[in-house]
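Coordinate inspection notes
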Amino acid sequence: MKKYLLLLLSIFSLTNIKAQELQVLQLSAEQVEALFLKQNLQLIAEHLNIDIADAAIVQAKLWDNPEISVGQINLWSTDRQREGEKEAIPPLFGSFARNTQFSIELSQLIQTAGKRGKLVKQEKISKEIAIQEFEEVFRGLKVELRKSINEIVYLQAYQKVLAQQEESLGQLTIAYQKQVAQGNIAKSELLRLQSALLELENEANDTQIDINEQQKGLKTLLNVPPSVVIKIIDNTKKVQDPTNLSLAELLAMASEYRPDVKASRLQTQYHEKSLAYEKAQRIPDLTVNANYDRYGGVWKDFIGFGVSFDIPFFNRNQGNIKAARINRDQSIHLAELQQNQAQHEVAEAFGNYALAYRFYKRVSENSLLSELDGMLTIYTKNLLNKNISMLEYIDFMDSYKTNKETLLSARKKVDTQFEELQYTVGSEIK
């Protein structure tokens, strides 16, 4: 697998590929998913939000910077003011700014009540939420990718059905053209075959247009060049029997694994931490300071220390505490709502999958449908040998195409419904 992906990536990096040239790559569903995990741009961008949350945690741990201020600088002292000032004791800073009045103050904010630790805990919950949001994006993109794969597999298979019919009708048309030239067959019968062939070619073109549309979405998810055409190898997987699945277990899995459910619970934890942080804000922070003053008062060199803090008389952070408590209570209700929605989605998806499975099983076990390809050859030979009429042959061709399409559609639907069930559960169902 690694060797294959390296080869694939090297192909994409070639710059000498002309825009009009197409490269066909045959990939299994597993290989497509491996490439998706490595190259999807939305996943790469979303994962950076986790790194941003890590940076927020680092920032929350940092102390506030100390503050230094210089003031009361007197630049206009005169010679007369300085006369006779021969000091017995030199100033604290020696000859630096001698006989000049100035002051210096250094202060540092000290947070109390564990505010920094509470903020760090709050940011750690934010990181967990970012992880779940990434998982939610990944969950949505993955189900989109798998549905696109199922659709392409279905269209490729239906394209083969149309190609088989085109081949049979083409052989008949050539044979009838010879018979018409010899005057053995009426032109109306040849016209009927040509009309049926044109209808098939038109439907084949419409099918290719649908494939092109699916290719566009798939290549966008895989971040591959437009010049690449991806053919999905249909490795038919065993279909899960819904009778072997327990709805109660699926509901429990959704509660445990779904990213949106987990994120809603984390939101409640986040608001709990926010409430604790806002309550801590009631306790005022301390600012300690040290200052030096030259010629600013009675003392020539004055060194002092001090501390300052707010008096929580009017503002005790009542409003923010109330808002944080309301946000906490609101998040509890929203988490319960998200849980209920997830449970109902699982129940709906499980019921839809059971219906799709029963229909697919009934269709796939029909022995007549498995014999259609052989019957197509037999009917073509019988028409050439004039054992059946043109009307009987055309009716069979319509029936052949309809039944083939029903079988392929039933398989696509059961696979798609199973992916939808896994999406609602939030985990792979083994």
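Going along each chain's sequence as written, the residues are numbered from 1 onward. Where local features are concerned, this predicted model is filtered to residues with pLDDT of at least 70; where side-chain atom pairs are given and counted, the filter is 80 or more; whole-chain, interface and lining totals use all residues. Side-chain calculation: all heavy atoms of the structure are included, whereas hydrogens and water are not.

Bringing a negative patch on the surface into the picture now. Patch construction takes residues with relative accessible area above 30% that form no salt bridge. Like charges are linked within 9 Å, and nonpolar side chains (Val, Leu, Ile, Met, Phe, Trp, Tyr) are linked within 5 Å. Here the open area of atoms and residues is found with the Shrake-Rupley method and a 1.4 Å probe, where only the protein chains shown may cover a residue. Salt bridges are defined as contacts in which a side-chain nitrogen from Lys or Arg sits within 4 Å of a carboxyl oxygen from Asp or Glu. Think of it this way: Lys and Arg go in the positive column, Asp and Glu in the negative one, and His and the chain ends go nowhere. Throughout, a charge is located at the NZ atom of Lys, the CZ atom of Arg, the CG atom of Asp or the CD atom of Glu. Together, E199, E392, D395 and D398 line one region of the surface with negative charge. With three residues, helix α12 (residues 390–425) is the single largest residue contributor to the negative patch. Helix numbers and strand numbers start at the N terminus; a helix is a DSSP run of H or I with at least 4 residues, a strand a run of E with at least 2. Inspection of the secondary structure assignment puts E199 in helix α6 (residues 187–222).

In this structure, K160 sits in helix α5 (residues 115–182). Spatially, the C-alpha atom of K160 lies 9.3 Å from that of A204, the residues being 44 residues apart in sequence.

A word on the sheet that holds strand β3 (residues 102–110). With respect to topology, four strands assemble into an open sheet ordered β2-β3-β5-β6, the strand pairing being antiparallel. Two strands in the sheet have a free side with no partner beyond their single neighbour: β2 (67–71) and β6 (301–309). Adjacent strand axes in the sheet meet at a mean angle of 15 degrees when their direction is disregarded. Following DSSP output, two strands are said to pair if at least two bridges run between them. Strand direction decides the pairing type here: β2 and β3, joined by five bridges, are antiparallel. Residue pairing across strands places E67 opposite S107, the latter belonging to β3. Only the stretch in contact is used when fitting a helix axis, every axis being a line fitted to C-alpha atoms; angles between N-to-C directions are given from 0 to 180 degrees.

For A113, which is not a glycine, the phi torsion comes out positive at approximately 60 degrees. Only protein chains enter the calculation, and the probe is 1.4 Å; a residue is then buried if its accessible area is under 20% of its type maximum, exposed if over 50%, and partly exposed in between. Using a relative accessible area of 31% as the deciding quantity, one classes A113 as partly exposed. Non-glycine residue N223 carries a positive phi angle of around 60 degrees. Relative to the elements of secondary structure, N223 occurs in the loop between α6 and β4 (228–233). With relative accessibility at 35%, the residue N223 sits in the partly exposed group.

With that settled, consider the side chain of S264. Within the fold, S264 resides in helix α8 (residues 259–280). Two residues form a contact once any of their heavy atoms are found within 4.5 Å. Every residue in contact with S264, bar those within four places of it in the chain, is listed here: S331, A335 and Q338.

For the rest of this paragraph, the subject is helix α11 (residues 372–384). To estimate the expected span of a helix, count its residues, drop one, and scale the result by 1.5 Å. When the terminal C-alpha atoms of α11 are compared, their 18 Å separation across 13 residues agrees well with the 18 Å that a helix rising 1.5 Å per residue should span. Taken together, the buried positions of α11 are occupied by L372, L376, T380 and L383. Along α11, the residues classed as buried sweep out an arc of 85 degrees about the axis, all on the same side. Here the buried face of α11 lies against α5, α10 (367–370) and α12. Two residues or fewer after α11 comes K386, characterised by a positive phi angle close to 60 degrees. It is the directions from the helix axis to the C-beta atoms that the arc portrays.

Moving on: the pattern of salt bridges. Taken as a whole and assessed by the stated rule, the structure comprises 17 salt bridges. Note that K142 is salt-bridged to E428, the shortest N-O span being 3.0 Å. With K142 in helix α5 and E428 in the segment after α12, this pair connects stretches of sequence that are 286 residues apart. For the salt bridge of R258 with D260, the shortest nitrogen-to-oxygen distance reads 2.6 Å. Judged by relative accessible area, which is 1%, R258 ranks as buried. In this structure D260 comes out as buried when scored by relative accessible area, which is 15%. Shared partners join several salt bridges into a network, and the residues in it are E33, K142, R146, E419 and E428.

Along the polypeptide, E278 turns up in helix α8. Buried charge without a partner: E278 forms no salt bridge, and the closest opposite charge is R282, 9.3 Å away. When neighbours within four sequence positions are excluded, E278 is seen to be in contact with N317, N320, I321 and A324.

For every residue, the predictor reports its confidence as pLDDT, a number between 0 and 100. Averaged over every residue, the pLDDT of the chain is 88; the share at 70 or more is 90%. Across the chain, the element-wise mean pLDDT spans from 46 in helix α1 (residues 2–12) up to 97 in α8. Within the model, the stretch residues 1–7 combines pLDDT values under 50 with seven contacts to residues more than four positions away or in other chains. Long-range and interchain partners of residues 9–20, a stretch whose pLDDT sits below 50, account for 14 contacts in this model, where long-range means more than four residues apart.

Turning next to the packing of helix α7 (residues 247–257) against α12. A pair of packed helices is characterised by two quantities: the angle between their axes and the separation of those axes. Packing of α7 against α12 leaves a shortest axis separation of 8 Å and a crossing angle of 55 degrees. Relative to α12, α7 is oriented oblique. The residues of α12 that touch α7, namely those facing L250, M253, A254 and Y257, are L421, T424 and V425. Each angle receives one of four descriptions, namely roughly parallel if under 35 degrees, roughly antiparallel if over 145, roughly perpendicular if within 65 to 115, and oblique otherwise.

This next bit is on the pairing of strand β5 (residues 286–294). Here β3 pairs with β5 via nine bridges, running antiparallel. Its bridge partner lying in β5, L106 is registered against A290. Across nine bridges, the pairing between β5 and β6 is antiparallel. Paired with A290 across the bridge in β6 is F305. Linking β5 back to β6 in an antiparallel pair, the connection comprises six residues, with Y295 at a positive phi of about 60 degrees.

Attention now goes to the packing of aromatic side chains. Only Phe, Tyr and Trp rings take part, Trp by its six-membered ring, and two of them pair if their centres are within 6.5 Å. Stacked means planes under 30 degrees apart, edge-to-face means over 60, and tilted covers everything else. Considering all chains together, one arrives at eight aromatic pairs under this definition. Aromatic pair Y353 and F418: ring centres 5.4 Å apart, planes at 50 degrees, arrangement tilted. Within this pair, whereas Y353 is found in helix α9 (residues 318–364), its partner F418 is found in helix α12, the two being separated by 65 residues in sequence. In this structure F418 comes out as buried when scored by relative accessible area, which is 14%. By way of ring pairs, the aromatic residues Y353, Y357 and F418 are connected into one cluster. Charge-over-ring placement is defined geometrically: NZ (Lys) or CZ (Arg) within 6 Å of the ring centre, and within 35 degrees of the ring normal. The lysine or arginine in question, R116, covers the ring of W63, its NZ or CZ lying 4.5 Å from the ring centre. Across from the ring centre of Y423, 4.0 Å away, lies the NZ or CZ of R139, which sits over that ring.

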